[in-house]
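Notes for the structure review
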Amino acid sequence: MSDEDLSFEEDLIRRCFSVRAKQRDNRRKKPPRRKEKPLSSRLALKEAEELFTLVYDIKLTAPDGAVGWLVIKDGGSMADPADAGLGTGITGIGLFAAALHSVSTDSVILKKTQDIVDRVRGSLTAQLLSLKQKSGSGLSGILACKLGEASGFGGILRGLVLMERYQGSGLFASLVRDTSELLYKSLDFGCTDMTDRMGGIAGLIATLCAYTELRGVSSARELIAAGAARLMELKNFNADGHTLWNTISKRHLISGAGHGMMGIAHALFNAGSLLGESKWIEAAEEAVAFELETYSDKLHTWPDR
């Protein structure tokens, strides 16, 4: 092992122990909730710059220059430092850096944010190239397991579109096109039964429908149509007086936009409106009906079940 590789591995181990210790401390200490007024734009920018500096200082840098961060997932497990996701990976941090770069006037912050944006773009480009080099059913299975907005292509495409809007360089637009083309050529929705917005088909559909950079492309429209058709195939879970979707393998339907019926309804409403498919809109209306029934007037919200 080279000195650079050894240094990287040692740094990774130190970070793991540090994160675990902080996680245990956080479980013991629960600070009281505070009622605070909204931040002024000046104070919000200052806090964003301070937060970014902390994120920048704890990055992991691989021998090839790629960056990553240690992320704790639900349940306490550790995410891959090079995870590409928007909610759990480098796309989210790259988007944070691009947004901050567009409003900060601090020369040090501008240099660091651009550094992260460039490194994240390089890492995402390398990961896309690696996927392109795979082929056959194996690739389709890999793609189908990563469609949602939290850690899949729905979130990655959303982040890429927004980073291009902040940067305006054309480099992220090229990544958007290449990623969309890979999904169009290789994705088989039949390989997945994950339907929710955070982790499944609805997340990809919602993103493809949301941005003009995506929804105007014919290949994206075909992806939307294929994804919506798969959602209709998976609308077969009978519970709570409805036939809808079993999103997280419980014995009852789930409400909400992330893992619940409203997230799927939102995706199908947009897909049906964009492509003129009334049956998708009708399915979305069924999901909304369930959400309205589930709402608790007593709690003034949707109860967790």
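These numbers were taken from a predicted model, which means no experiment stands behind them. Per-chain numbering applies: the sequence of each chain, read as written, is numbered from 1 onward. Owing to the predicted nature of the model, reporting of local features is limited to residues with pLDDT of at least 70; listing and counting of side-chain atom pairs is limited to 80 or more, with chain, interface and lining totals taken over all residues. Each side-chain value is worked out from all heavy atoms of the structure, with water and hydrogens disregarded.

The secondary structure listing takes helices from DSSP runs of H or I that are at least 4 residues long and strands from runs of E that are at least 2 residues long, numbered from the N terminus. Check the secondary structure of the chain and you find twelve helices and four strands. The buried label goes to any residue with under 20% of its type's maximum accessible area, the exposed label to any with over 50%, and the partly exposed label to all in between, with areas taken from a 1.4 Å probe on protein chains only. Taking all 305 residues of the chain together, 39% fall into the buried category. By the convention used here, residues are in contact when the closest approach between their heavy atoms is within 4.5 Å. Contacts spanning at least 24 positions in sequence make up 62% of the contacts within the chain whose residues lie at least 6 apart. Accessible surface area values rest on a Shrake-Rupley calculation with a 1.4 Å probe, where residue burial reflects the displayed protein chains alone. For the chain, the computed accessible surface area is about 16,600 Å², with 53% contributed by carbon and sulfur atoms.

Once that is clear, we can look at the pattern of salt bridges. The salt bridge definition used is simple: a Lys or Arg side-chain nitrogen within 4 Å of an Asp or Glu carboxyl oxygen. Taken as a whole and assessed by the stated rule, the structure comprises nine salt bridges. For D118, the salt bridge is made with R121, and the minimal N-O distance between the two is 3.9 Å. In this pair, D118 and R121 both sit in helix 4 (residues 107-132), three residues apart, roughly one turn of the helix. Under the relative-accessibility criterion, D118 is labelled partly exposed at 34%. Using a relative accessible area of 22% as the deciding quantity, one classes R121 as partly exposed. A salt bridge links R230 to E233; the shortest N-O distance between them is 2.9 Å. Taken together, the residues R230 and E233, both in helix 10 (residues 218-233) and three residues apart, mark about one turn of the helix.

What follows covers the layout of surface pockets. Grid spacing is 1 Å over the protein atoms alone, the probe is 1.4 Å, and a cavity is where that probe fits but cannot get out, while a pocket is an open set with protein on both sides within 12 Å along at least five of seven lines and lining residues have an atom within 4 Å of a point. Grid points are joined across faces, edges and corners, and a volume is the space filled by probe spheres set on the points. Put simply, the largest pocket is a space of about 350 Å³. Considering the residues around the largest pocket, the lining is formed by 19 residues, among which A84, Q127, L131, F153 and I156 are closest to the centre. Of all elements in the fold, only helix 4, helix 6 (153-167) and helix 7 (171-186) reach the threshold of two or more residues within the lining of the largest pocket. Here the element with the most residues in the lining of the largest pocket is helix 4; it accounts for five residues. A class-by-class count of the residues in the lining of the largest pocket yields ten nonpolar, five polar and four charged. Residue polarity is assigned by list, with Asp, Glu, Lys and Arg as charged and Ala, Val, Leu, Ile, Met, Phe, Trp, Tyr, Cys and Pro as nonpolar; anything else, Gly included, falls into the polar class.

For helix 4, spanning 26 residues, the distance from its first C-alpha to its last is 38 Å, which sits close to the expected 38 Å at 1.5 Å a residue. Restricting attention to buried positions, one finds in helix 4 the residues I109, T113, I116, V117, V120, S123, L124, L128 and L131. For helix 4, the capping residue at the N-terminal end is D106, with a side-chain oxygen 2.8 Å from the backbone nitrogen of V108. Residue count minus one, scaled by 1.5 Å, sets the expected span of a helix. Side-chain atoms alone can form a polar contact between residues adjacent in sequence; in general such a contact is a pair of N or O atoms within 3.5 Å, and within protein one must be able to donate a hydrogen while the other accepts it.

Now for the nonpolar core. Throughout this description, the term nonpolar core refers to a set of buried Ala, Val, Leu, Ile, Met, Phe, Trp, Tyr and Cys residues connected via side-chain atoms within 4.5 Å. Core analysis: the biggest nonpolar cluster contains 66 residues, and L187, L204, I205, W245 and L268 have the highest contact counts within it. Excluding its chain neighbours within four sequence positions, the residues that come into contact with I205 are I224, G227, A228, L231, A267 and A271.

This brings us to the environment of M198. Here M198 is to be found in the loop between helix 7 and helix 8 (201-210). A sequence separation of 60 residues divides M198 from G258, and the C-alpha atoms of the two residues are 5.2 Å apart. In this structure M198 touches G148, E149, A150, S151, G258 and H259, once residues within four positions along its chain are discounted.

Two elements in contact, helix 7 and helix 10, have axes whose closest approach is 10 Å; the angle formed by their N-to-C orientations is 50°. Classed by the angle they form, the pair helix 7 and helix 10 counts as oblique. Handedness of the helix 7/helix 10 crossing: left-handed. Across from S180, L183 and Y184 in helix 7, the residues of helix 10 making contact are S219, E222 and L223. Taken together, the residues that form the contact of helix 7 with helix 10 break down as three nonpolar, two polar and one charged. Between N-to-C directions, angles cover 0 to 180 degrees, with each direction set by a line fitted to C-alpha atoms, over the stretch in contact for helices. Angles below 35 degrees are treated as roughly parallel, those above 145 as roughly antiparallel, those between 65 and 115 as roughly perpendicular, and all remaining angles as oblique. Crossing handedness is read from the near helix: turned anticlockwise from the far helix by less than a right angle, it gives a left-handed crossing, and turned clockwise, a right-handed one.

Interaxial distance between helix 3 (residues 90-101) and helix 4 falls to 8 Å at its minimum, and their mutual angle equals 145°. Of the two elements, helix 3 crosses helix 4, and the hand of that crossing is left-handed. Counted together, I90, T91, I93, G94, A97, A98, L100 and H101 of helix 3 and I109, L110, T113, Q114, I116, V117, V120, S123, L124 and Q127 of helix 4 form the full contact between these two elements. Class assignment for the residues of the contact of helix 3 with helix 4 results in eleven nonpolar, seven polar and no charged.

A few words now on the packing of aromatic side chains. We call Phe, Tyr and Trp rings a pair once their centres come within 6.5 Å, taking the six-membered ring for Trp, and we label the pair stacked below 30 degrees between planes, edge-to-face above 60, and tilted otherwise. Counted by the stated rule, this structure contains three aromatic pairs. Plain terms: the ring middles of F52 and Y56 are 6.0 Å apart, the flat faces sit at 40° to each other, and that makes the pair tilted. Within this pair, F52 and its partner Y56 are both found in helix 2 (residues 41-57), separated by four residues, close to a single helical turn. Ring geometry for Y295 versus W302: centroids 4.7 Å apart, planes at 70°, classification edge-to-face. On the basis of relative accessibility, which here comes to 37%, the residue W302 falls in the partly exposed class. An aromatic cluster is present here, built from F52, Y56 and F96 joined pairwise through their rings. Directly above the ring of Y56 sits K59, whose terminal nitrogen or CZ lies 3.6 Å from the centroid. Only Lys NZ and Arg CZ are tested; either one counts as a charge over a ring when it is within 6 Å of the ring centre and within 35 degrees of the ring normal.

Fair warning: the whole summary comes from geometry, so function is off the table for now.
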